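Spelled out from the first residue to the last, the chains are:
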Amino acid sequence: MSDKKPISSVNDFVVRFANVNGSGSASANEMFARAILRHGVPVSPRNIFPSNIQGLPTWYEVRVTEDGHLGARGGVDMMVAMNPQTWDKDVAGIEPGGYLFYDSTKPMPSTKFRDDITVIGVPLTAITNSTYTDPRQRQLFKNIIYLGALSALLEMDPKLIEQLIGEQYKGKEKLLSSNVHALHLGRDWALQNLKCPIGLRVKKSDKVGDRIFIEGNSAAALGAVYGGATVCAWYPITPSSSVAEAFTAHCKKYRHDPETGKAKYAIVQGEDELASIGIVIGASWNGARAFTATSGPGISLMTEFIGLSYFAEIPAVIMNIQRAGPSTGMPTRTQQCDIIACAYASHGDTKHVLLFPEDPAEAFEFAAAAFDLAERLQTTIFLMLDLDIGMNHRLCRPLKWDDARQYDRGKIMTAEMLEEGRDFGRYLDVDGDGIPYRTYPGTHPTKGSYFTRGTSRDRYARYSEEGSVYADNMQRLVRKFETAQDLVPRPLQANAERPTKYGVIYFGSTSPAMDEAIGLLDARGHQLDRLRIRAFPFHSSVASFLAEHDFVYVVEQNRDSQLRQLIVNENGIDPVRLVPIVHYDGTPITARFIAKAIGDHQDHLKVTPLRKAVS
């Protein structure tokens, strides 16, 4: 019996499922999240899984949040402990007054429990063994049985779960009926043997609105389709592989000629990441819109070709779904640790455009925009996602597209322009923005041709290693990068209710947790202006924000505070004024972590030092 009052909360709690990878639990756990959505209550699920095929621990966390907070909160109100390997850690992670749900078929010693939580035992193995004889069925249906028990404990409407099962197994009546039966096995046992509901409850609401539930990788892939991409070259690597897989599925639906049925796209799995980016550059040079999807190790392999794209000025789009590094690192854990690697990718003096979407909706929009930017700027554009956005379902606003939108192909010298006698120099800056004109292969039978090379050349693409010629070209590339400042998505600023000399900068997947942390900080009496950076190069408003505040916290998910380094390097600011708030254990950053880190620093700033009295 708990010696602490059990947590009581409606539509505001965190449930974590602790399972074994390969046990078939993922489908049931996701169904739990979707069922709560069907109740009209927002959820924010996160899958934490190992990089092996099966056998190691996996967790699936569902934050139920009628207030709509989509970042990780921190802490667990109910633990569904289905993995003996992680039992002690899982039990320790439950909030005081929380709930422990477990398989009680085998007795557990009292030392394995805590006095300040409510323990809920359901003999899942016994129920499945008495109902099913096939070992695989026993394992799979155990997951649905605990889903049924949870539906009773949390007062969920079973008809909504049945509806989801019906959609998942449409046309497969045998599977449909057997899953519904397993659901009610668990629900009926709980109703007959446990006190239902518990303090945590799901109540029907209307807070989801018109938002959609989608993974960032799928949204980015759809953005590539709408952005005009016709070539995808890739090599499998976690957590980016689902981008290419989703692009394939979207193309099968949208990119086949309705009359002939022929595909109007090419998807190539290269022998490695270097080959993949080479294919992308070759396709782009020929006028196609092309991209690759990869992660940190792939970026490392691609850097030589990335340098070619930068120096020869060939459009390319790279979707980097970041994971924990270096080397193999933690392939299935999230981080924002490739910022410096991508910003200055390749040897020599390079600077690349980075886009930082915060959710699947921006992943869709920025992916489409990346192809316009790549052709407008004639360079590589990095779409910087991470595993948290890319592989987890997230509620976001509906994806919208303007059918009247025209693709921006940039400065293209046409055959007509050449016939008019236009002066064509492939690397000639005629407008002062650093961006030259280019021609597509075969534009004109005698005019507009040039050598594309990775070695130094003059404004007319003629080979030259003269220092002044090289410096002239490199300085033009700087002008082009400066031009990009006004083309990329601008930062979004939100000011505190009262004037403050403190600010916070954040980006990408840190955004939902940061937005929630502002409320927690306000409750502690701390006011902060905030600026969400959405792209590099930094718009001039970033420098203005820095100048307006005495201290600015930079929140990010990597060890070395890479965005902070980039800000210092590009703005020449005193690094002491930029306070790093870093989180890098591979799990998503939480609102509690941010609020504590910033709040503790703010408290320290407000402490008045003792002064020695003068006698």
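Above this text is the structure in question.
Residues numbered from 1 in each chain as written. Predicted model: local features only at pLDDT ≥ 70, side-chain atom pairs only at ≥ 80, totals over all residues. Heavy atoms only, no water.

K.L.:
Go over helix α3 (residues 124–131) with me, naming the residues and quoting the values.
P.N.:
Since the α-helix advances by 3.6 residues per turn, residues separated by three or four positions end up pointing in the same direction. Within α3, burial applies to Leu124, Ile127 and Thr128. Angular distribution of buried residues about the axis of α3 spans 95 degrees; they occupy a single face of the element. In this fold, the buried residues of α3 make contact with β6 (94–103), β7 (118–122), α4 (135–153) and α6 (173–193). (Buried < 20%, exposed > 50% of the residue type's maximum accessible area, 1.4 Å probe, protein only. Helix = DSSP H or I, 4+ residues; strand = E, 2+ residues; numbered from the N terminus. Arc of directions from axis to C-beta. Contact = heavy atoms within 4.5 Å.)

K.L.:
Requested: an account of the pairing of β6, with residues and values cited.
P.N.:
Burial analysis of β6 places 8 of its 10 residues in the buried class, which makes it a mostly covered element. Summarising the sheet, strand β5 (residues 76–81) and β6 pair through 5 bridges and their orientation is parallel. In the strand pairing of β6, Val80 is matched with Phe101. Taken together, β5, helix α2 (residues 87–92) and β6 constitute a β-α-β crossover, and its handedness is right-handed. In terms of strand pairing, β6 meets β7 through 5 bridges, oriented parallel. Paired with Leu100 across the two strands is Val119, which belongs to β7. (Pairing = 2+ DSSP bridges. Right-handed = clockwise from strand over helix to strand, strands pointing away.)

K.L.:
Requested: an account of the sheet that holds strand β22 (residues 578–582), with residues and values cited.
P.N.:
Sheet architecture is open: 5 strands sit in the order β17-β19-β18-β21-β22, paired in mixed fashion. Every interior strand has two partners, whereas the edge strands, β17 (492–494) and β22, have only one. With direction set aside, neighbouring strand axes in the sheet form an average angle of 20 degrees. Where helix α17 (residues 540–547) meets the sheet, its contacts fall on β17, β18 (502–507), β19 (529–533), β21 (551–556) and β22, and the angle it forms with β19 comes to roughly 155 degrees. Packing of helix α19 (residues 591–606) onto the sheet brings it into contact with β18, β21 and β22, and relative to β21 it is tilted by some 160 degrees. (Axes fitted to C-alpha atoms, helices over the stretch in contact; angles between N-to-C directions.)

K.L.:
Quick one: what's the story with the sheet that holds strand β11 (residues 266–269), residue by residue and with numbers?
P.N.:
Reading across the sheet, the 7 strands line up as β11-β10-β12-β13-β15-β14-β20 and stay open at both edges, with mixed pairing between neighbours. Of all strands in the sheet, those bounded by a partner on one side alone are β11 and β20 (535–536). As defined by bridge partners, strand β10 (residues 231–234) adjoins β11 across 4 bridges and the pair is classed as parallel. The partner of Trp234 across the bridge, within β11, is Gln269. Across the face of the sheet, helix α7 (residues 216–226) comes into contact with β12 (290–294), β13 (316–322) and β15 (380–386) while running at roughly 155 degrees to β15. On the sheet, helix α12 (residues 360–377) packs against β12, β13, β14 (353–355) and β15 and is oriented at approximately 165 degrees with respect to β15.

K.L.:
Describe in detail the pattern of salt bridges, supporting the description with residues and values.
P.N.:
Counted under the stated rule, the structure contains 38 salt bridges. Arg409 serves as the salt-bridge partner of Glu375, at 2.4 Å between the closest nitrogen and oxygen. Linking Glu375 in helix α12 with Arg409 in the loop between β16 (393–396) and α14 (415–419), this pair joins segments that are 34 residues apart in sequence. Take Glu375: its relative accessible area is 2%, and that puts it in the buried class. On the accessibility criterion, Arg409 (28% relative accessible area) is partly exposed. The residue Asp472 makes a salt bridge to Arg459 at a minimum N-O spacing of 2.8 Å. In this pair, Asp472 is assigned in helix α15 (residues 467–484) and Arg459 in the loop between α14 and α15, connecting sequence segments 13 residues apart. Three or more residues joined by partner-sharing salt bridges are found here, namely Arg289, Asp372, Glu375, Arg405, Arg409 and Arg438. (Salt bridge = Lys/Arg side-chain N within 4 Å of Asp/Glu carboxyl O.)

K.L.:
Summarise α4; cite the residues concerned and give the values.
P.N.:
Under the 1.5 Å per step criterion, the end-to-end length of α4 is 27 Å for 19 residues, consistent within 8% with the ideal 27 Å. Where α4 bends most, the angle comes to about 25 degrees, and this point is Phe141. If you check the start of α4, you find a side-chain oxygen 3.1 Å away from the backbone N of Arg136, and it comes from Asp134. Positive backbone phi, approximately 60 degrees, marks Glu155, located one or two places after α4. (Expected span 1.5 Å × (residues − 1). Bend = angle between axes of the 7 residues up to and from the residue. Polar contact = N/O pair within 3.5 Å; in protein donor to acceptor, adjacent residues only side chain to side chain.)

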